[in-house]
Amino acid sequence: MRSCPGVRLRPVSPSTSTKTTETAFAAQQKQHLVKTLGRFDMIFFTVAVVVGLDLIGQAASNGYEAFTWAFVLVILFLLPYGLVMAEVGSAFTAEGGPYEWVKLTMGRFTASMNTVFYWVTNPLWVGGSLAFIGTEAWSTGVSNIDSGSAADYLFKFLFIWLTIMSAIVSFRVGKWIPTLGAILKVGLVAFFAITVVIYGFQNGVEGIDTGSLKPTSAGLLAIVPLILFSFVGFEGQNGAAEEMKDPQKDVPHSILRSGALATFCYLTPIFLVLLVLPQEAITGLGGFLDAVKESYSIYGGAGDFMYGATCVLFVLTLMNSGSAWMMCGDRVLAVTAADGGFFPYFGAFHKKLGTPLRANVLSGVMATVFSFAAIQLLSSGAADTFGVVLNIAISTTLISYILIFPAAYLLRRKYPDVPRPFRLGRSGDGLMLGASGLITFWVLLGSWTAVFPGTLNNLFGLGYSFADEWGVRQGTFLAFTLGTLLVIMIMATAGYAAGAKLREDEVEVEVGSRHVAAPREVSEPLTMA
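Residues numbered from 1 in each chain as written. Predicted model: local features only at pLDDT ≥ 70, side-chain atom pairs only at ≥ 80, totals over all residues. Heavy atoms only, no water.

### Side note on the overall build of the chain
Piece 1. The number of helices and strands found in the chain is 19 helices and 2 strands.
Piece 2. Residue pairs at least 24 apart in sequence account for 85% of intrachain contacts in the chain once pairs closer than 6 positions are excluded.
Piece 3. Accessible area for the chain stands at about 20,200 Å²; split by element, carbon and sulfur atoms hold 65% of it. (Helix = DSSP H or I, 4+ residues; strand = E, 2+ residues; numbered from the N terminus. Contact = heavy atoms within 4.5 Å. Areas by Shrake-Rupley, 256 points an atom, 1.4 Å probe, with all protein chains shown as cover.)

### Here's the deal with the nonpolar core
Piece 1. Ranked by size, the top nonpolar core spans 150 residues in total, and within it Phe 77, Tyr 81, Val 84, Phe 92, Phe 159, Tyr 401 and Phe 405 carry the most contacts.
Piece 2. The dominant element in this core, judged by the number of residues it contributes, is helix 13 (residues 303–338), at 16 residues. (Core = buried A, V, L, I, M, F, W, Y, C linked by side-chain atoms within 4.5 Å. Buried < 20%, exposed > 50% of the residue type's maximum accessible area, 1.4 Å probe, protein only.)

### Details of a nonpolar patch on the surface
Piece 1. Taken together, the side chains of Phe 71, Ile 75, Leu 76, Leu 438 and Phe 441 present a nonpolar region at the surface, about 440 Å² in accessible area.
Piece 2. Every element with two or more residues in the nonpolar patch is listed here: helix 4 (64–91) and helix 16 (430–451).
Piece 3. By residue number, the principal contributor to the nonpolar patch is helix 4, which donates 3 residues.
Piece 4. Within the secondary structure, Ile 75 is located in helix 4. (Patch = residues over 30% accessible without salt bridge, like charges linked within 9 Å, V, L, I, M, F, W, Y side chains within 5 Å. Salt bridge = Lys/Arg side-chain N within 4 Å of Asp/Glu carboxyl O.)

### So, the side chain of Thr 23
Piece 1. Its location among the elements puts Thr 23 in strand 1 (residues 19–23).
Piece 2. Given a relative accessible area of 0%, Thr 23 falls into the buried group.
Piece 3. One polar contact links the side chain of Thr 23 to the main-chain amide nitrogen of Ala 26, over a distance of 3.0 Å.
Piece 4. Residues contacting Thr 23, with those up to four places away along its chain left out, are Arg 108, Ala 338, Asp 339, Gly 340, Leu 502, Arg 503, Asp 505, Glu 506 and Val 507. (Polar contact = N/O pair within 3.5 Å; in protein donor to acceptor, adjacent residues only side chain to side chain.)

### Points about the packing of helix 9 (residues 176–203) against helix 13
Piece 1. Helix 13 packs onto helix 9 with a crossing angle of 140° between their chain directions and a minimal axis gap of 9 Å. The angle between helix 9 and helix 13 falls in the class oblique. Our pair here, helix 9 against helix 13, has a crossing hand that is left-handed. Contacts from Ile 177, Pro 178, Gly 181, Ala 182, Leu 184, Lys 185, Leu 188 and Phe 191 in helix 9 reach Met 306, Thr 310, Leu 313, Phe 314, Leu 316, Thr 317, Asn 320, Ser 321, Ser 323, Ala 324 and Met 327 in helix 13.
Piece 2. Here the residues of the contact of helix 9 with helix 13 sort into 12 nonpolar, 6 polar and 1 charged. (Axes fitted to C-alpha atoms, helices over the stretch in contact; angles between N-to-C directions. Parallel < 35°, antiparallel > 145°, perpendicular 65-115°, else oblique. Left-handed = near helix turned anticlockwise from the far one by under 90°. Nonpolar A, V, L, I, M, F, W, Y, C, P; charged D, E, K, R; others polar.)

### What to know about the pairing of strand 2 (residues 506–510)
Piece 1. Taking every second residue as pointing to the same face, the buried face of strand 2 carries Val 507 and Val 509, while none of Glu 506, Glu 508 and Glu 510 on the other face is buried.
Piece 2. Bridge analysis of strand 1 against strand 2 gives 5 bridges, and the strand direction is antiparallel. In the sheet register, Thr 21 faces strand 2, and the bridge partner there is Glu 508. (Pairing = 2+ DSSP bridges.)

### Here's the deal with the pattern of salt bridges
Piece 1. Using the criterion set out here, one finds 16 salt bridges in the structure.
Piece 2. Residue Glu 510 is joined to Lys 19 by a salt bridge in which the shortest nitrogen-to-oxygen separation is 2.6 Å. Residue Glu 510 is found in strand 2, and its partner Lys 19 is found in strand 1; the two are separated by 491 residues along the sequence.
Piece 3. With relative accessibility at 34%, the residue Glu 510 sits in the partly exposed group.
Piece 4. Accessibility expressed as a relative area gives 37% for Lys 19, which makes it partly exposed.

### Overview of the environment of Tyr 409
Piece 1. Mapped onto the elements, Tyr 409 comes out in helix 15 (residues 383–414).
Piece 2. Put simply, Tyr 409 and Ser 436 are 27 residues apart on the chain and 6.5 Å apart in space, counted from C-alpha to C-alpha.

### Quick look at helix 5 (residues 97–106)
Piece 1. Along helix 5, 9 of the 10 residues are buried, which leaves the element largely enclosed by surrounding structure.
Piece 2. Where helix 5 is concerned, the buried positions are Gly 97, Pro 98, Tyr 99, Glu 100, Trp 101, Val 102, Lys 103, Leu 104 and Thr 105.
Piece 3. Trailing helix 5 by a residue or two, Gly 107 shows a phi angle of about 100°, which is positive.

### Side note on the packing of helix 9 against helix 11 (residues 247–276)
Piece 1. Contact geometry of helix 9 with helix 11 gives a least axis separation of 10 Å together with a crossing angle of 35°. Classified by chirality, the crossing of helix 11 by helix 9 is left-handed. Contact residues: helix 9 offers Val 186, Val 189, Ala 190, Phe 192, Ala 193, Val 196 and Tyr 199, while helix 11 offers Leu 261, Phe 264, Cys 265, Thr 268, Pro 269, Leu 272, Val 273 and Val 276.
Piece 2. Split by residue class, the contact of helix 9 with helix 11 holds 14 nonpolar, 1 polar and no charged.

### Notes on the packing of aromatic side chains
By convention here, two paired aromatic rings are described through the distance between centres and the angle between planes.
Piece 1. One pass over the structure, following the stated rule, counts 31 aromatic pairs.
Piece 2. Ring plane angle 85° and centroid distance 5.9 Å describe the contact between Trp 125 and Phe 229, whose orientation is recorded as edge-to-face. Here the residue Trp 125 occupies a position in helix 6 (residues 108–141), and Phe 229 occupies one in helix 10 (residues 217–231), the gap between them amounting to 104 residues.
Piece 3. Of the residues examined, Trp 125 reaches a relative accessible area of 4% and is grouped as buried.
Piece 4. Taken together through their ring pairs, the aromatic side chains of Phe 77, Tyr 81, Tyr 118, Phe 234, Trp 325, Tyr 401 and Phe 405 make up a single cluster.
Piece 5. Positioned above the aromatic ring of Tyr 345, the side-chain terminus of Arg 358 is 4.1 Å from the ring centre. (Phe/Tyr/Trp six-rings, centres within 6.5 Å; stacked < 30°, edge-to-face > 60°. Lys NZ or Arg CZ within 6 Å of the ring centre and 35° of its normal.)

### Description of the environment of Ala 86
Piece 1. Residue placement: Ala 86 occurs in helix 4.
Piece 2. Residues Ala 86 and Pro 421, spaced 335 residues apart in sequence, show a C-alpha to C-alpha distance of 9.2 Å.

Set out below in structure tokens:
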């Protein structure tokens, strides 16, 4: 990575000033933030955000082609994505990063709508995918939990609120939660890798059909949303940008190192799961742990105990992933609310903790409601319906990047004089345009295939059975999918309308880093409106 100052360009329509505005309430709330994140913290915080072991089994269930496409997307998505975020994240270091970037280039309303899509995935992901996979891991490795039982509700409730509580803790202490969790993830993957090598020498492994490694268009369309969702998160640390000690220097370094660790933590276990288990035995829910259990057979009588311990640690890594995303996502939402882009009530940062307590609690409530509703759906035999809702909930993350990525290029053009400690390209805008355009293409493709699956397959004559893939009719799928998106848009629009009065009182701030000296006292919103 090259470190050099920003270069004066000749943009088509540059900003005539490096000043912008935010609400007086937002400036006041930022006085509660404390700079506690150093480079070490940021590296492992980003690993905690980007790496999620819950998705390994689902990716591996697509066979060796999943490994091929994951490797391709490391080169064609993860690498350019990291470079783009290294520039933007080190130059524009205001709290609430993704919201601020879209706001500076596309306006407050657009940024507010996009933030809700960016944030809403997290509580639905924690209450849905993570809570259910965590319950399954505990049930198979520690103590059985029957679906729909009182124990099922209790476990998921505790899982969700322990995750939320770890996000509420002050960053002085709370920063160690993603750090230790990230180290645990890397350690689990490394130990699994060593175990599989020993297992292979003793028992042999599944044969590798080189033909199955060949990438196909149908395989890409099937797996691209999952792989992209697995890889995103480099910008997450900028949700807490004004709590970093030196973001200008530390953001590029943290992205480089966390990107390398993320590549190892995804490609390695996907390949190893395929080596240990036949493809037909790999499931999205238990694929990773099934492979762990099989490989632990080399430890003899200690295997069962080690598997149980691994399941407990696996549950902790799931909670860590959810907590890390809550830490950044809830901060982005709180900054949006404090700036009049969402219900102002959720814009308050706790005076002692320096965390967005109200936004954290909102996420916890949403996660709990969604999780309990999902239990009912599954208990009533509506598992396919639940899968549809969960799919679109997760895909909202990809939709938000459709604006975040172009904002990176627009920031280069609109604010060429903002110092850039790291710059993509020695001069000119070609590399930034190419990189941001490429990663925008990928999230457009991923978003489309998630919201309208099968349409591109049919367009290119690849064949697609909607009922076999989803278990529901296409009309039912679209009703749930578009209905979910509509609800999110209505919530975002209502939140923006509620912030109208807050937007009337603004202060001028510098583009890039934000520091407002001695802001005047502003009464804190106590109600939703």
